[in-house]
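In case you want the letters, here they are:
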Amino acid sequence: MATKIVAVRSLLIDGIKGLPALDGVETTFGYRWGSKKRERVWTGNTEFDHQPANMRPVKTFRDEVAQFEVVILVEGIGKGPEWTSARAVEIGTEVEEWVAIHENWDTAIDGLSAIKVQGAGQLVEAFNDKGAVSELTYTVVYQARLT
């Protein structure tokens, strides 16, 4: 069985789309080029590693440890970077909570054993006399058994 990276990213995006706090926020699997939405969430920058899980003569199962980014972008016309950053953190908190509640997704994706927000994050701001933009990035890590 192949990597679970697409399935896990899809499940996360589909799950957060229904959150009331994200009503009006564009949530997409990857970065949507040309989007005009001022509040966006997407996944990207994936990495994964496979290690043999057993040494069977017929078929070797693999353990996958993977990570990807969840990016939250907030633009505010006539707003300052404090406002856009606070809004990005508000959206990010909802994403963090959703992942924490669904940490054990073993019934949703075969072989998935754990998922969590873990590792380095980043908050970048920029502003001018017309408004501000903030981009908040979380690292999401999961483990899965590939059979």
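All of the points below concern the structure found in this document. Bear in mind the structure is a predicted one, so any value in this text is a computation, not a measurement. (Residues numbered from 1 in each chain as written. Predicted model: local features only at pLDDT ≥ 70, side-chain atom pairs only at ≥ 80, totals over all residues. Heavy atoms only, no water.)

**Some thoughts on the environment of R38**
Stage number 1. Within the secondary structure, R38 sits in the loop between β1 (26–28) and β2 (39–52).
Stage number 2. Note on R38: relative accessible area 41%, which makes it partly exposed.
Stage number 3. Leaving out residues up to four positions away in the same chain, R38 has contacts with L73, V74, E75 and I77. (Helix = DSSP H or I, 4+ residues; strand = E, 2+ residues; numbered from the N terminus. Buried < 20%, exposed > 50% of the residue type's maximum accessible area, 1.4 Å probe, protein only. Contact = heavy atoms within 4.5 Å.)

**A look at the nonpolar core**
Stage number 1. L12, I16, V41, F68, I72 and Y142 are the most contacted members of the largest nonpolar core, which has 27 residues in total.
Stage number 2. Mapped onto this core, the elements with two or more residues apiece are α1 (5–17), β3 (62–77), α2 (81–101), β4 (112–117) and β6 (131–146).
Stage number 3. With residues up to four places along the chain from it excluded, the contact list for V41 reads I13, I16, L22, V25, E26, T27, T28, V70, V71, I72 and I91. (Core = buried A, V, L, I, M, F, W, Y, C linked by side-chain atoms within 4.5 Å.)

**Regarding the pairing of β3**
Stage number 1. In the sheet, β2 pairs with β3 via 12 bridges, with the strands oriented antiparallel. Bridge pairing in β3 links E47 to Q67.
Stage number 2. Bridging between β3 and β6 involves 16 bridges; their strand directions are antiparallel. In the strand pairing of β6, G76 is matched with A132. (Pairing = 2+ DSSP bridges.)

**Topic: α2**
Stage number 1. Between its first and last C-alpha, α2 extends 30 Å over 21 residues, near the 30 Å set by a 1.5 Å rise per residue.
Stage number 2. What α2 keeps buried is the set P81, T84, S85, R87, A88, I91, G92, V95, W98 and V99. What you see down the axis of α2 is that its buried residues fit within an arc of 160°, all on one side. Exposed residues pointing more than 90 degrees away from the buried face of α2 are listed as E82 and I101. (Expected span 1.5 Å × (residues − 1). Arc of directions from axis to C-beta.)

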